Amino acid sequence: SVGTNLPLRLCYVAADSGKDTGDSGVALKKEIGLVSACGIIVGNIIGSGIFVSPKGVLENASSVGLALIVWIVTGVITAIGALCYAELGVTIPKSGGDYSYVKDIFGGLAGFLRLWIAVLVIYPTNQAVIALTFSNYILQPLFPTCFPPEKGLSLLAAVCLLLLTWVNCASVRWATRVQDIFTAGKLLALVLIIIMGVVQICKGEYYWLEPVNAFEPFQKYDVGQIALAFLQGSFAYGGWNFLNYVTEELVDPYVNLPRAIFISIPLVTFVYVFANIAYVTAMSPQELLASNAVAVTFGEKLLGVMSWIMPISVALSTFGGVNGSLFTSSRLFFAGAREGHLPSLLAMIHVKRCTPIPALLFTCLSTLVMLCTSDMYTLINYVGFINYLFYGVTVAGQIVLRIKQPDIHRPIKISLVWPVIYLLFWAFLLIFSLYSEPLVCGTGLAIMLTGVPVYFLGVYWDNKPQCFNTFVDKMTYLGQKFCVVVYPAEDKPKEAGGIELKEEKSPLAGEDNEATK
């Protein structure tokens, strides 16, 4: 029969099979060490941003000097935000990142809205942008005199997504190894750009770095446009909080989470600033703005017959970025389903591989839908505004938690000056972005607010019709059979005379049920 206990029955079968479950049943494995944690942060931040955003930042900043200041300030603000998230991550050590923090501090509705906008806009859009950048850099050398066809870009991006979804479904270890390898590759690509920039400066090619020329505007300065430049820059730094989504899979999270943040953010800021300095040693602002593939144009001007190295390096970088984004965003949807805010099927993991296959498939499908839109810069503005909105809400939650629960155990405790600085910058950015792009920002807010009725109908309303519950049960059952997944055991079951006894909350019915073997 199909009923609300079905996920628990299948969990019983998995525990009884004696295969790859261990004493604690099926659960997420702690397989992410410090190196892999740094790889996740660096790999997610350095995806497509440094190869796409320089054009958007420069276009809105109106001068080379101000664009470089935007990159530096955005890096500093990112580091401050990461400090705040480090405290929250070790105070509330749950997978799901800012979704889990917002839900625990401000309640279910606020957490659901964060999850809702992430499901509909933020992560599918982020992954689509990175995948499109990957395909753009792969195909650009094949179309030297024109832009690659849009259908070709979308098709290759879809192939990239499908391949990496399969890798992530197959093994957590495979996914982290892919992340480590491609993170090293993308750092080498950026080191090559920086070295060539240093060589250019030694040759005297620093016209656009001289203060007189650097701050010469090619269009009138505008505060709203400068705010959009920060949004474009924040997209390039996006991913700094992704490690918080996989806290439960970290080895010794209280130590490795803050260490990984302190190592990765300064490294990325250094690389970004010097990569942009290198760009302007070889290209004028007009040349940079005219290019859809900044690093390729840079390589063509300086590498000659070896210019093919640059598009390949960038493609490898963005390939790793797609992998990291898939890995972490699927964990967000997994955490949301475990809390009852998404269908319970998304909270289940494979009985042998211990990977959240339904959440990964859902992430992949939602991203494939986003690939229908090829205007990357509009997508970036959507993502930047909504991301910063919830970054600010989460950091404000840190202050609220200090007031509401001052005595809670905090392995890391930072000064409240830092969240206040972050929130002041956050307010400036959102107000002027809304002023400058009211349609884009307003549309993002409207999409977020559509989650309010969905929350009250889907989550808050307990007494749903029996026919609806039966339908959901049947769909969950079919999904479990198709993906071979079960609901994970969160706690190690107690053993007594060969009998395991544990009590879990049914992910479908919202009632306490007893599963006994």
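In this numbering scheme, every chain counts its residues from 1 along its sequence in written order. Since the coordinates come from a predicted model, pLDDT governs what is reported: local features require at least 70, and pairs of side-chain atoms require 80 or more to be given and counted, while whole-chain, interface and lining totals use all residues. Processing note: side-chain calculations cover all non-hydrogen atoms of the structure and skip hydrogens and water entirely.

## Things to note about the overall build of the protein chain
In step 1: Numbering of helices and strands runs from the N terminus, with a helix taken as a DSSP run of H or I at least four residues long and a strand as a DSSP run of E at least two residues long. Looking only at helices and strands, the protein chain has 20 helices and five strands in total.
In step 2: In the protein chain, which comprises 517 residues, the proportion classed as buried is 57%.
In step 3: Here, two residues are considered to be in contact whenever any of their heavy atoms come within 4.5 Å of each other. Taking as baseline every contact in the protein chain between residues at least 6 positions apart, the subset at least 24 positions apart corresponds to 81%. Relative accessibility decides the category of a residue: with a 1.4 Å probe and only protein chains considered, values under 20% of the type maximum give buried, values over 50% give exposed, and everything between is partly exposed.

## Let's talk about the packing of aromatic side chains
In step 1: Pairing of aromatic side chains here covers Phe, Tyr and the six-membered ring of Trp, requires ring centres within 6.5 Å, and sorts the geometry by plane angle: under 30 degrees stacked, over 60 edge-to-face, intermediate tilted. Overall, the coordinates contain 20 aromatic pairs when judged by the stated rule.
In step 2: Judged by centre distance (6.2 Å) and plane angle (50°), the ring pair of Phe 425 and Phe 428 falls under tilted. Of the two residues, Phe 425 and Phe 428 are both situated in helix α17 (residues 417-436); the distance of three residues between them amounts to about one turn of the helix.
In step 3: Pairing Tyr 455 with Tyr 460 gives two aromatic rings, centres 6.5 Å apart and planes at 35°, and the pair type is tilted.
In step 4: Classification of Tyr 455 by relative accessible area gives buried; the value is 10%.
In step 5: Relative accessible area serves as the criterion here: at 55%, Tyr 460 is assigned to the exposed category.
In step 6: Among the aromatic side chains, those forming a connected cluster through ring pairs are Phe 112, Trp 116, Tyr 455, Phe 456 and Tyr 460.

## Remarks on unusual backbone geometry
In step 1: Located in the positive-phi region is Ser 62, a residue other than glycine, with phi close to 75°.
In step 2: If you trace the backbone, Ser 62 turns up in the loop between α3 (49-61) and α4 (64-91).
In step 3: On the basis of relative accessible area, Ser 62 is assigned to the buried category, the value being 0%.
In step 4: Phi angles above zero are rare outside glycine, and Val 484 is one such case at about 55°.
In step 5: With respect to the element layout, Val 484 can be found in the loop between α20 (466-483) and β2 (485-486).
In step 6: Given the relative accessible area of 39%, Val 484 is considered partly exposed.

## Considerations on helix α11 (residues 253-282)
In step 1: Here the expected length of a helix is defined as 1.5 Å per residue gap, with one fewer gap than residues. Here α11 spans 43 Å end to end across 30 residues, near enough to the 44 Å set by a 1.5 Å rise per residue.
In step 2: The buried count for α11 comes to 21 of 30 residues, which makes it a mostly enclosed element.

## Re the pattern of salt bridges
In step 1: Think of a salt bridge as a Lys or Arg side-chain nitrogen and an Asp or Glu carboxyl oxygen that are within 4 Å of each other. The full count for this structure, using the stated rule, is six salt bridges.
In step 2: The partner of Arg 114 in a salt bridge is Asp 98, with the nearest N and O atoms 3.0 Å apart. Of the two residues, Arg 114 sits in helix α6 (residues 108-139) while Asp 98 sits in helix α5 (residues 98-106), which places them 16 residues apart along the sequence. The same class applies to Arg 114 and to Asp 98, which are both buried.
In step 3: For Lys 103, the salt bridge goes to Asp 104, with nearest N and O atoms at 2.9 Å.
In step 4: Among the residues examined, Asp 104 registers a relative accessible area of 36% and is labelled partly exposed.

## Here's the deal with the environment of Val 212
In step 1: As for its position among the elements, Val 212 is in helix α9 (residues 211-214).
In step 2: A residue is classified by how much of its surface remains accessible, and Val 212, at 70% relative accessible area, is exposed.
In step 3: Residues Val 212 and Gly 65 lie 147 residues apart in sequence; the distance between their C-alpha atoms is 9.3 Å.

## Remarks on the confidence of the model for the protein chain
In step 1: In predicted models, pLDDT denotes the confidence assigned by the predictor to each residue on a 0 to 100 scale. Per-residue confidence for the protein chain gives a mean pLDDT of 78; residues scoring 70 or more make up 85%.
In step 2: Per-residue pLDDT stays below 50 along residues 1-24; that stretch engages in 49 contacts with residues further than four places along the chain or on separate chains.
In step 3: Considering only residues more than four positions removed or in separate chains, one finds that residues 491-517, a stretch of pLDDT under 50, has 56 contacts.

## Here's the deal with α17
In step 1: When the terminal C-alpha atoms of α17 are compared, their 29 Å separation across 20 residues agrees well with the 28 Å that a helix rising 1.5 Å per residue should span.
In step 2: Every buried residue belonging to α17 is among Pro 419, Tyr 422, Leu 423, Phe 425, Trp 426, Leu 429, Leu 430 and Ser 433, and all of these are buried.

## Here's the deal with empty space enclosed by the protein
Where empty space is left becomes clear once a probe the size of a water molecule has been rolled over the atoms.
In step 1: Cavities and pockets are defined on a 1 Å grid built over the protein atoms alone: a cavity is a set of grid points where a 1.4 Å probe fits but cannot escape, while a pocket is an open set with protein on both sides within 12 Å along at least five of seven lines, and lining residues are those with an atom within 4 Å of any such point. Grid points are joined across faces, edges and corners, and a volume is the space filled by probe spheres set on the points. The final tally for this structure, using the stated rule, is three cavities of 30 Å³ or more.
In step 2: Each pocket or cavity is described by its volume, and for the second largest cavity that value is around 80 Å³.
In step 3: Taken together, Pro 54, Val 57, Leu 58, Val 64, Ala 67, Leu 68, Trp 71, Asn 276, Tyr 279, Val 280 and Leu 288 make up the full set of residues lining the second largest cavity.
In step 4: When residues of the lining of the second largest cavity are assigned to their parent elements, the largest contribution, four residues, is made by α4.
In step 5: Taken together, the residues of the lining of the second largest cavity sort by class into ten nonpolar, one polar and no charged. Residues are grouped as follows: nonpolar covers Ala, Val, Leu, Ile, Met, Phe, Trp, Tyr, Cys and Pro; charged covers Asp, Glu, Lys and Arg; every other residue, Gly included, is treated as polar.

## As for the packing of helix α13 (residues 294-302) against helix α14 (residues 309-338)
In step 1: Lines fitted to the C-alpha atoms define the axes, with helices restricted to the stretch that makes contact. Angles between their N-to-C directions range from 0 to 180 degrees. Contact pair α13 / α14: the axes reach a minimum separation of 8 Å and the direction vectors enclose 155°. Our classification of the angle between α13 and α14 gives roughly antiparallel. For the pair α13 and α14, the sense of crossing is right-handed. For the pair α13 and α14, contact is made by Ala 295, Val 296 and Gly 299 and by Met 310, Pro 311 and Val 314, respectively. For classification purposes, an angle smaller than 35 degrees is called roughly parallel, one larger than 145 roughly antiparallel, one from 65 to 115 roughly perpendicular, and anything else oblique. The handedness criterion is simple: a crossing whose near helix is rotated anticlockwise from the far helix by less than a right angle is left-handed, and one whose near helix is rotated clockwise is right-handed.

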